[in-house]
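Observations on chain architecture
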Amino acid sequence: MHKRNYFPHIDGLRGIAVLLVLLFHLDVTVLKGGFIGVDVFFVISGYLISSILIPKIDQKAFSFKEFYFRRIKRLLPSMLFVVILTLLMAYFIYPLFLFEKTLKSSTATVLSFSNIYFF
């Protein structure tokens, strides 16, 4: 296993990115940086993933199967929790037509084609 370096300033950038997205969704007119927040988050993710993958590729020790298995193992439980919680809340709060739309988008999310669905 390789040693990962911890960079506190990356956590600071993550915090700013999340704050920008939250302010966007709260419709704060002074700071309309929700999309910038998402972009920053993607750049951070790309940097961190690259810093793990590039050494493995250089050492000829990279495996797509292992990479995707680790990502699924790490991300799937949280995604399923959020989707199930969202559906439960939508069932009790939304009118039927909005719940059906939420159910369709949740299905697309779980099947990993939400970008196509929303396009």
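Conventions and cut-offs
Residues numbered from 1 in each chain as written. Predicted model: local features only at pLDDT ≥ 70, side-chain atom pairs only at ≥ 80, totals over all residues. Heavy atoms only, no water. pLDDT = per-residue confidence, 0-100. Helix = DSSP H or I, 4+ residues; strand = E, 2+ residues; numbered from the N terminus. Phe/Tyr/Trp six-rings, centres within 6.5 Å; stacked < 30°, edge-to-face > 60°. Buried < 20%, exposed > 50% of the residue type's maximum accessible area, 1.4 Å probe, protein only. Polar contact = N/O pair within 3.5 Å; in protein donor to acceptor, adjacent residues only side chain to side chain. Contact = heavy atoms within 4.5 Å.

When the pLDDT values of the chain are averaged, the result is 89; 92% of them are 70 or greater. The weakest mean pLDDT in the chain belongs to helix α1 (residues 8-25) at 87; the strongest belongs to helix α4 (residues 96-110) at 96.

The next subject is the packing of aromatic side chains. Scanning the entire structure with this criterion turns up seven aromatic pairs. Between F62 and F64, the ring centres sit 5.0 Å apart and the planes meet at 75°, which makes this aromatic pair edge-to-face. Given a relative accessible area of 57%, F64 falls into the exposed group. By way of ring pairs, the aromatic residues F62, F64, F67 and Y68 are connected into one cluster.

What follows covers the side chain of K56. Examined against the element boundaries, K56 turns out to sit in helix α2 (residues 34-58). The class of K56 is buried, set by a relative accessible area of 16%. Here E66 takes part through its side chain, which lies 3.1 Å from a polar atom of the side chain of K56.

So, about the environment of T102. You can see T102 is positioned in helix α4. Filtering out sequence-adjacent residues up to four positions away, T102 remains in contact with T86, L87, A90 and Y94.

Positive phi, normally seen in glycine, also occurs at K60, with a value near 60°. Structurally, the position occupied by K60 is in the loop between α2 and α3 (64-93). With a relative accessible area of 76%, K60 lands in the exposed category. The phi torsion at S112 lies on the positive side, around 65°, for a residue other than glycine. One can find S112 in the loop between α4 and α5 (114-118).

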